[in-house]
Amino acid sequence: MGLVFGLLWLFTGFLQGVRGQGVYAPPTVRIVHSGQACNVEEERYSERVYTIREGETLELQCLVTGHPRPQIRWTKTAGGASDRQGESSWHNETLRIETVSRHQGGRYYCKAENGLGSPAIRSMRVDVYYLDDPVITVHQSVGEAKEQFYFERTVFLRCVANSNPPVHYTWRRGREVLTQGSDSGVEIYEPFFTQGETKILKLKNLRPQDYADYTCISSVRNVCSIADKSAHFSLNNRTAPPSIKLLLDDPLVVNPGETVTLVCVASGGDPPPTLTWVRPGGEELPKRSIVSGGTLTFPVVTVDDGGVYSCVASNNVGNPAKKSTTILVRGLRKGRFWITPDPYHNDDNIQIGREVKISCQVEATPPEELQFNWLKNGRPLRSSERMVITHTDTDVSPGTTNLDIIDLKFTDFGTYTCVASLRNGGIPEISIDVNISSTTVPPELTVPRGRSHLIAQEGDTVDLQCLVSGKPKPIILWSRVEESGAAAAAAAAAALMPDGSAQTESYDGVLRINNVTREMSGTYRCQTSQYNGFNVKPREALIQLVVQFPPTVEPVYTEIRQALGRAFSLTCRLLRAHPARLLRYEWKLGSRLLTVGQFSDQKDDTSYHVRALNREGYGEYTCDITNEAGAGRCTFLVTGKAYPPEFYYDTYSALWQNRPRVYGFKLQWTQMEPNAVDRILAYRLGIRQMGQSRWWEQEIPMEGTIQKGELLTYNLTELIKPESYLVRLTPITRYGEGDATERIITYSAPVNPHLSFYMYIETSRPRLEGDKARLLSPTFNMNSKTSSSSSAVSNNPTYCFAFFYHMYGKHIGALNVFLRQKGQMVTDTSVWSLTGNQGDRWRQAKVNIHPTTAFQVVMEGVRGAGIEGDIAIDDVTIEEGECKDPPPNNLRSLAPPSSSHIWQLCITLSLVLIGQHR
C-alpha cells in the first residue's frame, strides 16, 4: 500500500522555467581519491600526489560540473614522459585499479568536455610504494684469489633492494649493529652510481672475527606501513663462488623423437649454488621441456627444440657461473636443383659436345654430416674425367654438390639422381631426379593474349597468369614492380604481395588474388627461378592490374532536424572513385526520384534544395553517385523529432527530505536545440522504481517557446526511501515524440555516513587569544511543506552528529558545535561544547540534533591563552536516526589521523577565521 500511495502523489510537483537565463557552462573538473591512501599532498599547479602501497586498490574519482553533462576520459603518462598512445583510456567517472603494481604509477589525467569552451583537464600523480626482499652478494677485490676466501683479503658484501621511496640499509654482524667507525676493519659506503639503492659493507684484510653471520636490513621507515625486510649471509673460510660441469657432449646431436637430457652439476661453491637453465635473449624454454634442478629433459625432441642452452649457477658469491651447450636435431630440408648449360658459349640450350652442370642443394643439420651420392638411371655414378663430382665445404650452408658432364654425348642422356643423407643415419634421405635429354630446353615465359592488362572490381577474384615452357618446368616467382619516380618511391618500398610477403612462389604460373582491393592495383612481375630449372638469366613478364572501385562519398549518414515551412539544402561530396569519368548522381526521397544528373570535370559535389519543408518532405533522402564499379551513397534522415533533453546535474540541493518515509527530488533540465524543430508542446515524464518493471507516466504541458539554455524544473515528490528511480523525459512536438533521455535518481542521507575529514586549528603566531576558526557544513534542506504544528514537528527526523576530537596542551581553549537553522531568521543553537586540556588521546563525541528546517552544522575552535595546544577534529559524520551507544570517552589510537582524510571530502566546506583581539 505504501508504494501505491506514494506513487499516486508522485506527480504533484510543479513546473517553473527560469526564463531567459541560460545554464550552459563549460566543464570544470576535480580529482579526489576514494581509497585508503598512504599520503596525499599538494604540489604546484594544484596537482596532487597520491601515494599508495603496491597491491592495494587504486581508486580515483573525477568530479565534474558543467552543462550539458561533460564526457569524461582518463589517460595516463608515466614518469613525466607521455605514453598515452600506448595506454588504454577509461571513460568512467571512477578509475579503479585493483592490486596496483609499481609499473602503474605515473600521472593520471581526467579530461572532461561538453563542447563548450576548452576541455577541463586535471591530473593526479600516483606514486606506488614498494619494498622488495634485499639480496646480499659477496665479492673479493679484483686480482685476488677467487676460489676461496683467505686471510689478508678484502671482501665486499653488497646489499641491494628495489624500493620506492629509496631504501635505508642497516648491517648487523651477529647481534652487533655495524656503523661507520665502529670497527676499524669495516667500512660502510654507498657507491655514487647506485643512487642510494646499494649499501656496501667492506671487510678490510679479512680477520677471524669477520667470519660471522651478517644481516642486511632494508627499510623505507614504515612509509605506507611497509615493514622492514632482511637478508642473511654466513661468511666462513669455505665461502667460494660457484663452479659447474656439464655432463654431456657439446654439441649434442640427436634425432627427432628421441628423449634428450641435459645434466648440469655444481662442482664447487659455498653456499651451494642454485642451478637454472636459460636460452639466449631471455627466450622461454620449450613448453614440453621438464626442469628438475640442474637437469633439463625433452621427452620427445623436435627440430624446433634445437639451439643453445645455458646452465647458470648462482650462490650470490662472485659472479654466476655459466656453461652452454648446443642441441642439434638431425634433419634434411629444402632439396633443390638447377641445370647450367655450357658457360663458355653464349647459348642457353643443351647441345652435344658442350659442357653441362647439374647442381643439387640441401640444408642439413648438422651440416658436417651431410653426404651426397649420384645415380644415373638408378645405378651408382662415380667421378671420372668426363663426369666430375664435387662438393662444397661442409661449413658452407646449405650444402651443394655439382655434377659436371664434359663433352656431352648422346649416351649421357638419362635421369640423374642426387641423393642426400646424413652419415650417422636415423633420418630419411632426400632424392632429387633431373632428366637430361634432347627435349631438355631452357624456359620461355609469356603472358596469354589479352591478359597483360587486367581490369577488376573490388571484391572480385583475379587470376594473373604467366605461361611457362621448358623442360624441366621451373617455379614461377611473383613480385610487385616498384613504381618509377621519386613521388612513388615511398609507396613502392611498402608494395608487398597480397599475402604480405615480398615474393610468392607459383608452380602452375597462376597468381590468384581473392577479394581484390584498390590497394592491390599496380604492376606485377612473373619470372623464372634458378632452382628446379635452368640456371640461366631469368625470363620475366609484366602484368598490369587495375582495380576499379565505386565512388567514396561523404557524408555517409546525417540526421537533419527541421521545423515545417523552413528551407534547407543537402550536399553529397565525392571523395574518390575509379574510374572517375562519366560519374552520375541520383537523388531520391524514399523510393521517389527527385533529380538526376552528371558530374562535370570541375565539380566534386551535388546538392538538393528544399525551399519550404512540408509533412511529405520528412523521410530518408539518398544521393547515389555511380561509376562502372558501382555506387556510393549519401543518406540524410530529415525529421521533425525534437532533440533529447539535457538533464542538469549541478542542481543545488536537488534532493530534500519530505517525510520520514519519503523524499523529494528537484528534476532540472535544458532542451538541446529547441529552435531547430517545431515548438515543444509538452514533455512525457516516465518513472519506475529500480528493480521494478512498471512505468508511471504523465505529461508536463509547456507554455510558450523554450529558449536555448533555459533551465526547466519539475519537482518529484513522494519518492520512497531509500529506493532509487529511473526517470525518462521525452519532448513532444506536433511532429510527435522526440528523443528521450534517462537518468537515475538515488536517495542518500544528508551526509554520506562514511565521509570523513580531518581539520585542526593552529595556535601559533599571528593567532591571538580568543581567535576562532569555524568549519561550516553544506546546507541540508528539510521538507518545504512542513508546518509548525506539533504533529508536523514530530515527523521531523533526528540526526546523529558524531566526530572525534583531540584537545591536548595547557593552553587549550574551547571546541563548540552549533546547529544553524535557516527559517525566517538564521539561528545558531549550541548543541555541544568542551574546554581545556583533554589529554594526548582521541575521543569521540556524539550528539542528537533535531532540525525543523534547512540547517547547517558549525564547528568552532577557540584559541586559548598561549601557543601550547592544538585542537583537531576527524571523522565527522551525520547519519539519520538516533545516536547508538554514545560512549562519553570513546578512545581511538594515539597515532595522528591520516592526512588522507583531508581529500576524502567530496562536498564544499568553508573555513572561516574570525579574529578577536583583546
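What counts and how
Residues numbered from 1 in each chain as written. Predicted model: local features only at pLDDT ≥ 70, side-chain atom pairs only at ≥ 80, totals over all residues. Heavy atoms only, no water. Disulfide = S-S within 2.5 Å. Helix = DSSP H or I, 4+ residues; strand = E, 2+ residues; numbered from the N terminus. Buried < 20%, exposed > 50% of the residue type's maximum accessible area, 1.4 Å probe, protein only. Pairing = 2+ DSSP bridges. Axes fitted to C-alpha atoms, helices over the stretch in contact; angles between N-to-C directions. Phe/Tyr/Trp six-rings, centres within 6.5 Å; stacked < 30°, edge-to-face > 60°. Lys NZ or Arg CZ within 6 Å of the ring centre and 35° of its normal. Core = buried A, V, L, I, M, F, W, Y, C linked by side-chain atoms within 4.5 Å. Contact = heavy atoms within 4.5 Å. Polar contact = N/O pair within 3.5 Å; in protein donor to acceptor, adjacent residues only side chain to side chain. Salt bridge = Lys/Arg side-chain N within 4 Å of Asp/Glu carboxyl O.

A.B. asks: Give a detailed account of the state of the cysteines, specifying residues and quantitative values.
C.D. replies: Taken as a whole and judged by the stated rule, the model has seven disulfides. Each sulfur in the disulfide pair C572 and C634 lies 2.1 Å from the other. Between C572 and C634, the S-S torsion sits near 70 degrees, and that sign places the bridge as right-handed. Of this pair, C572 sits in strand β46 (residues 568–578) while C634 sits in strand β51 (residues 630–639), and the two are 62 residues apart along the sequence. The buried category is assigned to C634, whose relative accessible area is 0%. One disulfide in the model links C800 with C883; its S-S distance is 2.0 Å. Handedness of the C800-C883 disulfide follows from its S-S torsion of about 105 degrees: it is right-handed. Of this pair, C800 sits in strand β63 (residues 799–808) while C883 sits in the loop between β68 (870–880) and β69 (890–891), and the two are 83 residues apart along the sequence. A residue is classified by how much of its surface remains accessible, and C800, at 8% relative accessible area, is buried.

A.B. asks: Outline the sheet that holds strand β10 (residues 135–140), supporting the account with residue identities and numerical values.
C.D. replies: Spatially, four strands are ordered β10-β11-β16-β15 in an open sheet, and the strand pairing comes out antiparallel. In this open sheet, the two edge strands, each paired with only one partner strand, are β10 and β15 (186–189). With strand direction ignored, the average angle separating the axes of adjacent strands in the sheet is 20 degrees. Pairing analysis gives six bridges linking strand β11 (residues 155–160) to strand β16 (residues 198–203), with the strands arranged antiparallel.

A.B. asks: Describe the pairing of strand β42 (residues 522–528), with residues and values.
C.D. replies: The buried count for β42 comes to six of seven residues, which makes it a mostly enclosed element. Sheet topology places strand β39 (residues 476–480) next to β42; five bridges connect them, and they run antiparallel. Across the sheet, R480 pairs through a bridge with Y524, a residue of β42. Inspection of the sheet shows β42 paired to strand β44 (residues 540–554) by six bridges, in the antiparallel sense. By the bridge assignment for β44, T523 is matched with Q544.

A.B. asks: Provide a residue-level description of the sheet that holds strand β20 (residues 252–254), including the pertinent values.
C.D. replies: The four strands lie next to each other as β20-β26-β25-β22, forming an open sheet whose pairing is mixed. Both outer strands of the open sheet, β20 and β22 (274–278), are each paired with one neighbouring strand and no more. Neighbour-to-neighbour, the strand axes of this sheet turn through a mean angle of 25 degrees, independent of strand direction. Strand direction decides the pairing type here: β22 and strand β25 (residues 307–314), joined by five bridges, are antiparallel. Counterpart to V278 in the pairing with β25 is S310.

A.B. asks: Mind laying out the packing of aromatic side chains, listing which residues take part and the relevant values?
C.D. replies: The geometry of two aromatic rings is summed up by the distance between their centres and the angle between their planes. A full pass over the atoms with the stated rule returns 15 aromatic pairs. Note on Y663 and Y747: the rings are 4.8 Å apart at their centroids and 50 degrees apart in plane angle, and the pair reads as tilted. Placement of Y663 in strand β54 (residues 662–671) and of Y747 in the loop between β60 (741–745) and β61 (758–761) is noted, with a sequence separation of 84 residues between them. Like Y747, Y663 is buried. Measuring from ring centre to ring centre gives 5.6 Å for Y799 and F855, while their planes differ by 35 degrees; the resulting arrangement is tilted. Here Y799, found in strand β63, pairs with F855, found in strand β67 (residues 855–862); they are 56 residues apart in sequence, far enough to count as distant. The burial state of Y799 is the same as that of F855; both residues are buried. An aromatic cluster is defined as three or more aromatic residues linked by ring pairs; in this entry it consists of F568, W587, Y608, Y621 and F636. Geometry around F549 places R518 over its ring, the cationic atom sitting 3.8 Å from the centre.

A.B. asks: Which residues make up the nonpolar core, and what values do they have?
C.D. replies: Grouped burial of nonpolar side chains is what soluble globular proteins tend to show. Grouped together as the largest cluster of nonpolar side chains are 29 residues, with contacts concentrated most on I358, W374, L403, Y416 and I436. Counting residues per element, the ones that place at least two in this core are β27 (331–340), β28 (356–365), β29 (370–376), β31 (387–391), β32 (399–405), β33 (414–422) and β34 (430–436). If you tally residues by element for this core, the top one is β28, at five residues. In contact with Y416, not counting residues within four places along its chain, are I358, W374, L375, K376, L381, M387, L403, I405, I432, D433, V434 and I436.

A.B. asks: Would you mind going over the side chain of T713 in detail, with residue names and values included?
C.D. replies: In this structure, T713 sits in strand β57 (residues 710–720). According to the relative accessible area criterion, T713 is buried, its value standing at 1%.

A.B. asks: Which residues make up the side chain of T417, and what values do they have?
C.D. replies: Positionally, T417 belongs in strand β33. Here T417 falls in the buried class, since its relative accessible area comes to 9%. There is a polar contact of 2.7 Å between the side chain of T417 and the side chain of D433. With residues up to four places along the chain from it excluded, the contact list for T417 reads N373, W374, L375, S431, I432 and D433.

A.B. asks: Help me get a handle on unusual backbone geometry, residues and values and all.
C.D. replies: Geometrically, the link from K471 to P472 is a cis peptide bond, its omega value of 0 degrees lying close to zero. Following E554, the chain continues to P555 via a peptide bond in cis, the omega torsion being 0 degrees. Along the chain, P555 falls in the loop between β44 and β45 (557–561). Here the phi dihedral of T99 falls at roughly 50 degrees; this positive angle occurs in a residue that is not glycine. Relative to the elements of secondary structure, T99 occurs in the loop between β7 (94–97) and β8 (106–113). The class for T99 is exposed, based on a relative accessible area of 55%.

A.B. asks: Could you give me a rundown of the pattern of salt bridges, with the residues and numbers involved?
C.D. replies: A side chain of one charge can pair with a side chain of the opposite charge when the charged atoms of the two come close. Applying the stated criterion across every chain yields a total of 39 salt bridges. Across the salt bridge formed by R539 and D348, the nearest N and O atoms sit 3.2 Å from each other. Residue R539 is found in the loop between β43 (533–534) and β44, and its partner D348 is found in the loop between β27 and β28; the two are separated by 191 residues along the sequence. What makes R539 buried here is its relative accessible area of 16%. Exposure remark for D348: the relative accessible area of 29% places this residue in the partly exposed category. Among the salt bridges present, the one from R561 reaches E559, with a minimum N-O distance of 2.7 Å. Judged by its relative accessible area of 7%, R561 is buried. Looking at E559, the relative accessible area reads 36%, which means it is partly exposed. Overlapping salt bridges bring together R173, E176, D183, R207 and D210 as one network.

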